[in-house]
Each structure stands twice: as C-alpha cells, then as structure tokens.
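An overview of the molecular structure
One letter stands for each residue in the lines below.
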Amino acid sequence: MDYERFFEDELEKLHENGKYRVFADLERHAGSFPKATRYVDGETRQVTVWCSNDYLGMGQKTEVMQAMKDAIDANGTGAGGTRNISGTNHNHVLLEQELADLHGKEAALIFTSGYVSNWASLGTLAAKLPNCIVFSDAKNHASMIEGIRHSRAEKHIFKHNDWKDLDEKLSRVEKGRPVIVAFESVYSMDGDIAPIKEICEVAKKHGALTYLDEVHAVGMYGPRGGGIAEARGLMDQLDVIEGTLGKAFGVMGGYITASERLVDFVRSFASGFIFTTALPPALAAGALASIRHLKQSDAERRGQQAAVAKVRAGLDRIGIPYMMNDSHIVPVMVGDAKKAKWISDILLDQYGIYVQPINYPTVPVGTERLRITPGPLHTDEDIGHLVRSLNDLWSQCALARQVA
Ligand SMILES: *Cc1c(COP(=O)(O)O)cnc(C)c1O
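Conventions and cut-offs
Residues numbered from 1 in each chain as written. Predicted model: local features only at pLDDT ≥ 70, side-chain atom pairs only at ≥ 80, totals over all residues. Heavy atoms only, no water. Helix = DSSP H or I, 4+ residues; strand = E, 2+ residues; numbered from the N terminus. Rg over C-alpha atoms; globule rule 2.2 N^0.38 Å. Buried < 20%, exposed > 50% of the residue type's maximum accessible area, 1.4 Å probe, protein only. Contact = heavy atoms within 4.5 Å. Lys, Arg positive; Asp, Glu negative; His and termini not counted. Charge placed at Lys NZ, Arg CZ, Asp CG, Glu CD. Pairing = 2+ DSSP bridges. Axes fitted to C-alpha atoms, helices over the stretch in contact; angles between N-to-C directions.

What follows concerns the overall build of the protein chain. Check the secondary structure of the protein chain and you find 15 helices and 14 strands. The C-alpha atoms of the protein chain give 22 Å as radius of gyration, which agrees with the globular expectation for 404 residues (22 Å, within 12%). Scored against the burial criterion, the 404 residues of the protein chain give a buried share of 53%. Across the protein chain, contacts joining residues at least 24 apart in sequence account for 70% of those joining residues at least 6 apart. For the protein chain, the distance from the average site of its 45 positive side-chain charges to the average site of its 52 negative ones is 3 Å.

So this is what it looks like as structure tokens:
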C-alpha cells in the first residue's frame, strides 16, 4: 500500500468539502486576556479572542498563576508516576477533597482531561455493571459517546433534552437491569440547558444511575460555581457529576465526583485512570486555587453575564440572528459552511477578531455558525468593535437579518 498517497487523498477530501481544520497560532498574554498575538505568514498581529473556553479569564488570575509557580518551586515539574506508583502528590489529594465539596459529594477522582474522565468513567461503569444498558442524550459530547462505545454495553439514544422520550424508552427495559442515563447540563454548541430535574425524576423512577457532564457549567453557575445542578439545588439527584479543570477553571484536567464507593470503583478498575501519569502537581495546585476563588467570588460570573447581555443587545440592534438560550454561549447563525468560514477568515485577517467557525459534523448542515463566548474581560470597546464588524460583514455577505 502507498500509505502517503492514502493520507494525502483523505486530506484532500477534507479540503474539498471545507472540513479541513486550520488552527490559529496564538500567543495569549497573561494580564491582557482576551488579547493575543497571532503568528501568520512570518508576521505577528494583535487579535481579540471571542471563542475561548477560558470563560472567566481564570487562566491569567494572579492567585492561580502564583499557586502554579509556588507548586513548581516546591514540587518540581511532573508528578513522577501514575497515581498508584509514586505519582500521587498532596496537591491531588487536596484537589479531590475540594471537588467533592464543590459538588456536595463524598469523593472525587481527577483525570488528565475532561475527555478522559468521561471516556474512562462511562467506559468502566457501563462495561462492569453486569448487562448494563446506557441511555445517552442525542447531543452528548464525543468523549461520552466514545466511552460508552468502548464499554460495548447496549446503548440507546434519547431525543435531546426530551425526558418524555427517555421515560418511554426506559419503561421498555427489563426490571432489575442496571441502567445509566448520561447527559450534559449546558450543551456547548446551542447553549441550551437540560431539564435536569425531570431527567433525574424519570431516571430514578426506573432505578437508573444518573451521570451529568457539567463541563460547560462548572465555575460559572451556582452560588459557589458548582454548576447548573448546584444553581437548581439538584446536586443530590445525580449519582455522578463530571467536570473539567480546563475551561472556566482555566487550567487543565478532568474529574468525576460521586459516592465514595463509586469513585473507589472507578479508581480501581478504569484503565484510563490507572495506566497514565498523574497530572503535574502545579496543575492541581492551580486548579485548587481557581476553584477556591470561584467558590467565594461572584464577580467573574456577574461580569460574564453582563458581557453576554451586552453582546446580545448589540446584535439585536442590527438584527443579526443568534440562538437564544439560558447560558453564556452566543451562537450567531450563518447557515452556510463556506460563508461561516469566509466571515471568520475576514474577521481574523481584517478586523483582528478571532472566532472559529463551527461547521458540520459538529453542528447539523444548514446551522453553521460563529460560536461567541463573551467573558468578563471583554470591554465595551471590544463588544462595540465586534458588533460593528459583524454588521459590515453581514452586509457584504448579503446575509439575512432578523426584523425586530
Ligand atoms: C470540552 C468537553 C469535554 C472534555 O473536556 P476537556 O477537559 O477539554 O478534555 C467533555 N465534555 C464536554 C461537553 C466538552 O465540551
């Protein structure tokens, strides 16, 4: 086989249908987020980032950076091993206690990313519970889908956020069979939020275990940043709450929180937890500082909500269509893959605005969009510039506007 030829042909196909991914080469500047330097064609340009998942700017918070520096000075760089073989650092232990407390659970377990936490936890639970059957929301993240697939358990997809469909499907399962219901709180592409209470009621009625991905909510919702379940007083209805340390907490890593036994079970059986080097102690220390800060400070959450409201108001004034939702995500609808890419390229090259286009298969064909994530560090000036730039491009591209 001509391997190189094969790779080339497959990549060519991606280019042809506009799915080839191009990364913006950025250097973020601590102290001036969301500003960054972009490296392009041997030159540098200043850009404002409008699609970061460092939602609250915690990646430049002085106390988080200081905690990481102090931890490097105290512990060195890497963990030095897997958790089992010399890699458990006191910072990991403290972080797990903090996370358990954040979600009102008995215990927590950290992983190298949110992706790994979903993949390893769902993969292990669904594989080991005898004859387990998994019910997965239609819009679940790839990490959950892959974890469930890896478990080889029987899987059924229920309609997105549709607890009635879930109820109907669950009522067909033989009594006594172990069931996991896996879903998210904030869905990252549409920004809509799950009816957690109803889904949990249905799941409990059928004796199922509930598994909630709060990746796009932790740090940002609830009085202590415990997520949507905290905000709605529902944390005790969930058997597993999963989250990331890499988005609103501004560092890296993932975790689950649950009962002591469930966590101990995943700790003891999950290959994706056991056979990999533990997170560097400095990451754990940084995440700990970030979580502790957001537990007692509301300023970042309020700043984010204010920026989101201002961006929406600006778009409303010029009739640019976006998907309305109850979260912090502003999906500006373009509805055409080529136009979405073109607008994003011009915004970056000519206006210094970085917002990645979101195309199929991440979203359905015809709903291509710019996913904007306003944060507490975007100024009124940044917001004005964004809205004026979109206004220009909407005219140039002859895109539809919304009449008020
Ligand atoms: C980003 C994401 C993850 C993965 O988290 P990482 O820490 O980035 O690996 C999991 N679930 C959802 C819904 C996500 O959007």
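Turning our attention to the sheet that holds strand β11 (residues 330-333). With antiparallel pairing, 3 strands are arranged side by side in an open sheet as β11-β14-β13. Pairing within the sheet leaves two strands with one partner each, and these edge strands are β11 and β13 (357-358). Bridge count for β13 against strand β14 (residues 369-372) is 2 bridges, and the pairing is antiparallel. Residue pairing in the sheet places P357 in a bridge with L370 of β14. Helix-sheet contacts for helix α14 (residues 337-351) involve β13 and β14, and the interaxial angle to β14 is about 45°.

For residues other than glycine, phi is negative in most cases, and the peptide bonds are mostly trans. Residues F33 and P34 are joined by a peptide bond in cis, for which omega reads 0°. Considering the arrangement of structural elements, one finds P34 in the loop between β1 (25-28) and β2 (35-40). Of the consecutive residues Y360 and P361, the connecting peptide bond is found in the cis state with omega at 5°. Examined against the element boundaries, P361 turns out to sit in the loop between β13 and β14. The phi dihedral of N131 falls on the positive side, at around 60°, and the residue is not glycine. By secondary structure assignment, the location of N131 is in the loop between α5 (114-128) and β5 (133-137). On the basis of relative accessible area, N131 is assigned to the exposed category, the value being 52%.

The next subject is the pairing of strand β3 (residues 43-49). Pairing analysis gives 6 bridges linking β2 to β3, with the strands arranged antiparallel. Opposite K35, over in β3, you have T48 as the bridge partner. Examined bridge by bridge, β3 and strand β12 (residues 353-354) share 2 bridges and lie parallel to one another. Paired with T48 across the bridge in β12 is I353.

Worth remembering: the numbers are spatial, not functional.
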